[in-house]
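# Structural description and commentary
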Amino acid sequence: MPFRYLPDVALADIAFEAESDTVDGLFETCALAITDIMVDPKTLRNTTQREISFVSEDLDRLLYDFMTELIVMKDVDSLLFGKFETKVSPQGTSLKAVATGETIDRERHSLRNDVKAVTMHLFGIKNEGGTWKTTVVLDI
Amino acid sequence: MSDVTWEIPTTYKPGMQVPARIYATKKLLDNMDSGVIEQVTNVACLPGIARYSYAMADAHWGYGFPIGGVAAFDTEKGVISPGGVGFDVNCGMRLIRTNLHYSEVKSRVKELVDLIFTLVPAGVGVKGTQGFAQSQMGDITSLGVKWCAEHDLAWEDDPEHVEEGGYIKGADISKVSRQAISRGVNQFGTLGSGNHYLEVQVVDPARYLDRNLAKEFGIVHDDQVMVMIHCGSRGFGHQVCTDYLRTFESGMRRFGIEVRDRDLACLPFSSKEGEDYYSAMVCAANFAFVNRQIIVNKVREAFSRVFHRDAESLDMHLIYDVCHNVAKVETHTYDGINSKVLVHRKGATRSFGPGHPDIPAPYRGVGQPVIIGGSMETGSYLLVGTQKAMEETFGSTAHGSGRTMSRTQAKREVRGAELQRKMLERGIYVKAATMDGLAEEAGMAYKDISEVVETMDRAGISKKVVALRPVGNIKG
């Protein structure tokens, strides 16, 4: 799994670290981790697509805003996503993504924790030896 | 300072403006995570902080401020910090009484809890059954429970039994983002997830601590059935905090404010950004009051349907509703002067003593009710505020039991279905949105609430009234 939970980082909440060879891959991995916290992804069908695009001031903010957008769509549109295709601009300030998933179905989906927000705690993207890495702490 | 009061002097860390004060027994202090000491002393470094940076007996690590933290700031020279309020603005507790005896309810607990579970949605991405239009959000978040009373969504005496009379003044919906409004508009009357719960409880005769005080709150017999609700401002408040953390981080560079921890982002309360956050945060706080009100309406409906009596005849009056994640402007006397201060309580409860004008008239002689929620296995407490809290802690005390174990570790220790079965054997019927979520909230993952409550009582900043034992629980 390209993300790993960090149980000792935030007692009351949930933290994970993610890594990928590419920035796009890192964004997709973080998105999948958020889904995994909220639902067993094996119970999700990929029947609905949403296009997401926005601009932020830097790469850190772009990832923060992307993850926040997924949480907003969970509350506003009752959507959870199991598949992501993301394209981050070379400058790291704009994102185009396609998220595929479906509307929450309490009977069929194995739901887990509701994510309230992405926190800034320990947050930031690093490139170590060509691998893109980040730590994310979510308020539960 | 005493066996339950500890101080860390300003020499502990460069930049501390005031000492830090921790309320804890030696045992609680020894077991407190090191993050609390680090964070309570970081808060002591913030501009304009008054008297002390406090950590209550239930304190544990949080974002920037510790959970269980209290800090008051000068309204002119001090700061406001979203991290001192928390993501779940006005997460709080509500306690309603009934005149039912447990013997009348025991055989109906499952039916009752199952019905409430259908009326009060809980868990990931749920929507409430009480629909409002986005165009109503300004009025709702300005007037809180007062708005509910004006629209037949609250009993006449409900607003006065809510902190601040059911709404905090100073709301301005124009300071709230479109995303926050969209997240919140369909979530009224929902419990949420995490550590939020709705519990049917009984007054525990073995720990019936002050019968005379209890009578003041309509608690008049052993095994009296009560309902406790723990939840907050849902996606509305979470988004307000998210939005303003972003604003504050960039604003700090402009004001040249440096903090020891990125999560301590703060700005002068008198700045435009500070005022805007306060107005938006007040909207979220009032949203939470309304959310808990809608839930209470559903609870009254459920009792009425199960017991074939109207809620009035079941005496289902609100005892009180307290915030435990909020920042409010209050007047306090310190250093011999009456001053307006911005009191941040993050995982801490207001604990105003007898005689305070902000306490509803029926309780003014005894003090403000303080509701301390425990884990779903160990029970909860009703306390009252004290004059000593006014003198020592800007009228503040603890809020709950405080976690000691991560969610992952709790799930390793016990499976949800096994916990549910064991709790049923102990006379607690639990209905959970998810089994994983249930395991994460097991009693062993929390501090001993009795020791937390005992500490606050011995310190004199709140006084025990009754202990409440769970018999039915809905876990978000």
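Heads up: these notes are all about the structure in this document. (Residues numbered from 1 in each chain as written. Chains lettered and ligands numbered in written order. Predicted model: local features only at pLDDT ≥ 70, side-chain atom pairs only at ≥ 80, totals over all residues. Heavy atoms only, no water.)

Here we take up the overall build of chain B. Scanning chain B for helices and strands turns up 14 helices and 18 strands. In summary, chain B has a C-alpha radius of gyration of 21 Å against a globular reference of 23 Å for 476 residues, a match within 12%. Once the C-alpha set of chain B is aligned to its principal axes, its extents read approximately 60 × 55 × 50 Å. The buried share among the 476 residues of chain B stands at 67%. Side-chain charges in chain B split into 54 positive and 57 negative, and the spacing between the mean points of these groups amounts to 4 Å. (Helix = DSSP H or I, 4+ residues; strand = E, 2+ residues; numbered from the N terminus. Rg over C-alpha atoms; globule rule 2.2 N^0.38 Å. Buried < 20%, exposed > 50% of the residue type's maximum accessible area, 1.4 Å probe, protein only. Lys, Arg positive; Asp, Glu negative; His and termini not counted. Charge placed at Lys NZ, Arg CZ, Asp CG, Glu CD.)

Moving on, we come to the overall build of chain A. Across its full length, chain A carries 2 helices and 8 strands. Ordering the α and β elements of chain A from the N terminus gives β-β-α-β-α-β-β-β-β-β. The C-alpha radius of gyration computed for chain A amounts to 14 Å, which stays within 12% of the reference 14 Å derived for 140 residues, consistent with globular compactness. Dimensions of chain A, computed from the C-alpha atoms along their principal axes, are close to 45 × 35 × 25 Å. Taken across its 140 residues, chain A has 59% of its residues classed as buried. Across chain A, the fraction of contacts at a sequence separation of at least 24, relative to all contacts at a separation of at least 6, is 66%. A distance of 3 Å separates the average location of the 15 positive side-chain charges in chain A from that of its 24 negative side-chain charges. (Contact = heavy atoms within 4.5 Å.)

What follows deals with the pairing of strand S7 (residues 125-128) of chain A. Residue and element names in this part refer to chain A. Across 4 bridges, S7 lies against strand S8 (residues 131-139) in antiparallel orientation. Its bridge partner lying in S8, isoleucine 125 is registered against threonine 134. What sits between the antiparallel neighbours S7 and S8 is a turn of 2 residues, in which glycine 129 has the positive phi angle 60°. (Pairing = 2+ DSSP bridges.)

Okay, helix H5 (residues 137-150) of chain B next. Residues and elements named next belong to chain B. Helix length check: H5 (14 residues) gives 15 Å between terminal C-alpha atoms against 20 Å at 1.5 Å per residue, more than 12% under. Its axis deflected by about 115° at glycine 144, H5 carries its strongest bend there. When we look at burial in H5, the residues that qualify are Met137, Gly138, Ile140, Thr141, Gly144, Val145, Trp147 and Cys148. Just downstream of H5, aspartate 152 is the residue with a positive phi angle, here 55°. (Expected span 1.5 Å × (residues − 1). Bend = angle between axes of the 7 residues up to and from the residue.)

With that settled, the discussion passes to the pairing of strand S8 (residues 224-231) of chain B. Residues and elements named next belong to chain B. In terms of burial, S8 is largely enclosed, as 8 of its 8 residues are buried. Because side chains alternate across S8, one face comprises the buried residues Gln224, Met226, Met228 and His230, and the other comprises Val225, Val227, Ile229 and Cys231, equally buried. As defined by bridge partners, strand S6 (residues 92-101) adjoins S8 across 7 bridges and the pair is classed as antiparallel. Along S8, the bridge assignment pairs arginine 97 with methionine 226. Bridge count for strand S7 (residues 197-208) against S8 is 6 bridges, and the pairing is antiparallel. By the bridge assignment, valine 202 is partnered in S8 with valine 225.

Counting from both sides, the interface comprises 37 residues of chain B and, opposite them, 39 residues of chain A. Counting each side, the surface lost to burial between chain B and chain A is near 3300 Å², with a carbon and sulfur contribution of 50%. Our count for the contact surface shared by chain B and chain A stands at 6 salt bridges. Notably, a salt bridge pairs arginine 246 of chain B with aspartate 65 of chain A, separated by 2.5 Å at the nearest N-O pair. Looking at the side of chain B that touches chain A, the element that brings in the most residues is helix H8 (residues 234-255) of chain B, giving 7 residues. (Buried area = accessible area lost by both parts, 1.4 Å probe. Salt bridge = Lys/Arg side-chain N within 4 Å of Asp/Glu carboxyl O.)

To continue, consider the packing of aromatic side chains. Residue and element names in this part refer to chain B. Taken as a whole and assessed by the stated rule, the structure comprises 21 aromatic pairs over all chains. Ring plane angle 75° and centroid distance 5.6 Å describe the contact between phenylalanine 248 and tyrosine 277, whose orientation is recorded as edge-to-face. Taken together, the residues span a long stretch of sequence, with phenylalanine 248 in helix H8 and tyrosine 277 in helix H9 (residues 272-307) at a distance of 29 residues. Tyrosine 277 shares its class with phenylalanine 248; the two are buried. (Phe/Tyr/Trp six-rings, centres within 6.5 Å; stacked < 30°, edge-to-face > 60°.)

This part is about the sheet that holds strand S3 (residues 49-60) of chain B. Residues and elements named next belong to chain B. Read from one edge to the other, the open sheet built from 6 strands follows the order S1-S2-S3-S4-S12-S11, with strand pairing classed as mixed. Strands with a single pairing partner mark the edges of an open sheet, and in this sheet they are strand S1 (5-8) and strand S11 (325-334). Along the sheet, successive strands turn relative to each other by an average axial angle of 25°, direction set aside. Where helix H2 (residues 34-43) meets the sheet, it contacts S1, strand S2 (20-23), S3 and strand S4 (67-74), and its direction lies at approximately 160° from that of S3. (Axes fitted to C-alpha atoms, helices over the stretch in contact; angles between N-to-C directions.)

Right, let's get into empty space enclosed by the protein. Residue and element names in this part refer to chain B. The full count for this structure, using the stated rule, is 4 cavities of 30 Å³ or more. Taken as a whole, the largest cavity spans an internal volume of roughly 670 Å³. Secondary structure elements with two or more residues in the lining of the largest cavity: H8 and strand S18 (462-475). Grouping the amino acids of the lining of the largest cavity by side-chain chemistry returns 16 nonpolar, 19 polar and 10 charged. (1 Å grid on protein atoms, 1.4 Å probe; cavity = no way out; pocket = protein on both sides within 12 Å on 5 of 7 lines; lining within 4 Å. Points joined across faces, edges and corners; volume = space filled by probe spheres on them. Nonpolar A, V, L, I, M, F, W, Y, C, P; charged D, E, K, R; others polar.)

Functional significance is not addressed by these values, which are geometric in nature.
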